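# Chains, contacts and geometry: an overview
Given next are the chains, with one letter for each unit.
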Amino acid sequence: MKFAHLADAHLGYEQYHLPFRAEDFAKSFKFAVEKAIEENVDFAIISGDLFHRSNPNPKTIKQAIDILSMLKRENIPIFAIEGNHDKTVKDVSIYDLLESLGLLYKLGLRRKFVEGEFVRSKPFGDYNLVYGVFEDFKIFGDTHRSSHQFKSLMEERYIPNCDIAVLHLSVKEVVDLDIKDDYVTISDLPKAKYYALGHVHIPIKKNVNGSWFVYPGCPERSDAREYSIKIDYFDDLSISEGCRKGFFIVENFKPRFVEVGCRDLISANISAKDQRDAVEKVKEILNYLNPESILILRIFSGSVVDLEDLVRIVERRVRHVKVSLERISKEREVRIEKPNEFFTEFELSLLEFLKRPDFDNFINTVIGLIEREFKLKDFKVLDDFEVKSVGVEREERSRKVRRTLFDFVEG
């Protein structure tokens, strides 16, 4: 069994309000589909956000039809879910149009019962969960949902354990970033051999307890953070490569990344003393750009810099440039405080004891300092790593916690 795992094509995205960028997104997706056909895959999965908008324009719809038809001509079925960009609250979406044309199978909760060569329906309350089948393998998925909605539905086991789970969401342990917005954890998911994920735009694959969690990422560079090259020119010039773009070929549940060629997007940060310094540094970094690249340039300076002049210099050498200035003033310079200007006398005393390698010998002294500072009484030393919780009824409860200064006292 061999399949292609794609996601986040974002067809129709005119990045930076540039119509040619929408063409770039279509070209990258088409290239990925051509590669999948060359690999002779059995089927393909699209894990959401095929489109950048839920109401794509006619040109974008035609691009999708033309590209997906390439797979149809090769008798390669496509299983797809809606992402947060292309889902709709209406009963019918652009995915339903593509399904009616025989170009894909839309997975997820539906009002109607669906049955076909590669799809089945599983009743769920007043709805039906449409899932894919290929030989003996079952492919379950659903449209993008908030973490709260998804967790609530999973409490009722609406997606059962399966071979392949297709979802458009952030899995905290897999993304491995400081996620502060909507996310789920692995424990919230159904059991599966392969998790065909979408929503994160950089390629990620991680094996957890024998199961693969995979994000193909967007096949184009949809954000400046997805740069092909990063240039930092502060005191010295440094250049680093960015992430690759593409999709995954999965054979016997083992993912292999296939790179897709796309337009270079260069992220450059330059510090400049004045206009002349900015011009000299910009001219130097032009040696690392090609005429078809996009440059996102940020200038850091305490002086006035003529950005229009910089744009005139750069725009002749690249396809598009976006320049911004971040003013640095002396008032914003960071000043390192002396310890006695930042800490109180009490805090300085505690720090002196905490830095000592023989701290354990001074616990009672430290407790005395705390008692005097906070006017506390009846403190006593407890066993290391254990803190007893004392309430109104002095219940004999205990819990394990990380050892800190206050693990040694009770009041």
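Residues numbered from 1 in each chain as written. Predicted model: local features only at pLDDT ≥ 70, side-chain atom pairs only at ≥ 80, totals over all residues. Heavy atoms only, no water.

## Re the confidence of the model for the chain
Summary statistics for the chain give a mean pLDDT of 86 and a share of 84% for residues scoring 70 or more. Low confidence marks residues 381-411, where pLDDT is under 50. Its contacts with residues over four positions away, or in another chain, come to 51 contacts. (pLDDT = per-residue confidence, 0-100. Contact = heavy atoms within 4.5 Å.)

## Some details on the sheet that holds strand S14 (residues 237-241)
What the five strands build is an open sheet, ordered S14-S13-S17-S18-S19; its pairing is mixed. The open sheet terminates on both sides in strands that have one partner only, identified here as S14 and strand S19 (320-327). Mean inter-strand twist for the sheet, computed between neighbouring axes without regard to direction, equals 15°. Docked against the sheet, helix H7 (residues 307-315) engages strand S18 (294-301) and S19, running at close to 150° with respect to S19. (Pairing = 2+ DSSP bridges. Helix = DSSP H or I, 4+ residues; strand = E, 2+ residues; numbered from the N terminus. Axes fitted to C-alpha atoms, helices over the stretch in contact; angles between N-to-C directions.)

## Considering the packing of helix H6 (residues 275-285) against H7
Viewed as axis vectors pointing N to C, H6 and H7 meet at an angle of 20°, and their least axial separation amounts to 11 Å. Judged by the inter-axis angle, H6 sits roughly parallel to H7. Judged by the twist between their axes, the crossing of H6 over H7 is right-handed. Residue-level inspection shows Gln275, Ala278, Val279, Val282 and Lys283 of H6 in contact with H7, the latter providing Asp309, Leu310, Ile313 and Val314. Broken down by class, the residue content of the contact of H6 with H7 amounts to six nonpolar, one polar and two charged. (Parallel < 35°, antiparallel > 145°, perpendicular 65-115°, else oblique. Left-handed = near helix turned anticlockwise from the far one by under 90°. Nonpolar A, V, L, I, M, F, W, Y, C, P; charged D, E, K, R; others polar.)

## Description of the sheet that holds strand S15 (residues 246-251)
Strand order in the open sheet made by the six strands is S4-S3-S2-S1-S15-S16, with mixed pairing throughout. Looking along the sheet, the strands with just one partner apiece sit at the ends: strand S4 (105-106) and strand S16 (254-259). Relative to S4, strand S3 (residues 78-81) runs parallel, the two sharing two bridges. In the strand pairing of S4, Phe79 is matched with Tyr105. Sheet contacts for helix H1 (residues 19-38): strand S1 (2-6), strand S2 (43-47), S15 and S16; angle to S15, the most-contacted strand, approximately 20°.

## Comments concerning the packing of aromatic side chains
Geometry of an aromatic ring pair is reported as the spacing of the ring centres plus the angle between the planes. Throughout the structure, instances matching the rule amount to 15 aromatic pairs. Between the aromatic rings of Phe43 and Phe79, the centroid separation amounts to 5.6 Å while the plane-to-plane angle is 75°, which identifies the pairing as edge-to-face. With Phe43 in strand S2 and Phe79 in strand S3, this pair connects stretches of sequence that are 36 residues apart. Here Phe248 and Phe257 contribute two aromatic rings whose centre-to-centre distance is 5.2 Å and whose plane-to-plane angle is 65°, an arrangement assigned as edge-to-face. Assigned by exposure class, Phe248 and Phe257 land together as buried. Grouping aromatic residues by their ring pairs yields a cluster made of Phe3, Phe43, Phe79, Tyr105, Phe118, Phe134 and Tyr194. (Phe/Tyr/Trp six-rings, centres within 6.5 Å; stacked < 30°, edge-to-face > 60°. Buried < 20%, exposed > 50% of the residue type's maximum accessible area, 1.4 Å probe, protein only.)

## Things to note about H7
Three or more residues of H7 are buried, namely Leu310, Ile313 and Val314. Projected down its long axis, H7 shows its buried positions confined to an angular sector of 90°, all on one face. The inward-facing, buried residues of H7 contact H6, S18 and S19. The N-cap residue of H7 is Asp306: its side-chain oxygen and the backbone nitrogen of Glu308 are 3.2 Å apart. (Arc of directions from axis to C-beta. Polar contact = N/O pair within 3.5 Å; in protein donor to acceptor, adjacent residues only side chain to side chain.)

## Some details on H1
Since there are 3.6 residues in each turn of an α-helix, residues three or four apart along the chain are aligned in direction. The end-to-end C-alpha distance of H1, which contains 20 residues, comes to 29 Å, matching closely the 28 Å that a straight helix rising 1.5 Å per residue would cover. Phe20, Arg21, Ala22, Asp24, Phe25, Ala26, Ser28, Phe29, Ala32, Val33 and Ala36 are the residues of H1 that are buried. Contact partners of the buried residues in H1: S1, S2, helix H2 (58-73), S15, S18 and S19. Two residues or fewer past H1, Asn40 is found with a positive phi of approximately 60°. (Expected span 1.5 Å × (residues − 1).)

## Some details on the environment of Asn209
By the element assignment, Asn209 lies in the loop between strand S11 (204-208) and strand S12 (211-215). Expressed as a C-alpha distance, the spacing of Asn209 and Lys193, which sit 16 residues apart in the sequence, is 9.7 Å.

## Some remarks on the pairing of strand S6 (residues 119-124)
The sheet contact formed by S6 and strand S7 (residues 127-134) spans six bridges and is antiparallel. When the sheet's bridge partners are listed, Arg120 is paired in S7 with Tyr131.

## A word on the nonpolar core
One finds Ala4, Leu11, Phe29, Leu50, Phe51, Leu68 and Phe247 to be the most contacted residues of the largest nonpolar core, which totals 32 residues. For this core, the elements supplying multiple residues, two or more each, are S1, H1, S2, H2, S3, helix H3 (94-100) and S15. Element by element, the count of residues in this core is highest for H2, at six residues. (Core = buried A, V, L, I, M, F, W, Y, C linked by side-chain atoms within 4.5 Å.)

## Points about the environment of Gly125
As for its placement among the helices and strands, Gly125 is situated in the loop between S6 and S7. Residues Gly125 and Tyr158 lie 33 residues apart in sequence; the distance between their C-alpha atoms is 9.5 Å.

## Notes on the packing of H1 against H2
Between H1 and H2, whose axes approach to 9 Å, the crossing angle comes to 10°. With respect to H2, the element H1 is oriented roughly parallel. Residues Glu23, Ala26, Phe29, Lys30, Val33, Glu34 and Ile37 of H1 touch H2, and the partners they reach there are Lys59, Gln63, Ile67, Leu68, Met70 and Leu71. Class assignment of the residues belonging to the contact of H1 with H2 gives a composition of eight nonpolar, one polar and four charged.

## Some words on the pattern of salt bridges
A complete count under the given rule lists 25 salt bridges for this structure. The residue Glu99 makes a salt bridge to Arg110 at a minimum N-O spacing of 2.7 Å. Of this pair, Glu99 sits in helix H3 while Arg110 is found in strand S5 (residues 108-110), placing the two residues eleven residues apart along the sequence. Residue Arg110 is classed as buried on the basis of its relative accessible area of 6%. Note that Glu226 is salt-bridged to Lys245, the shortest N-O span being 2.5 Å. Placement of the pair is Glu226 in the loop between S12 and strand S13 (229-233) and Lys245 in the loop between S14 and S15, with a sequence separation of 19 residues. (Salt bridge = Lys/Arg side-chain N within 4 Å of Asp/Glu carboxyl O.)

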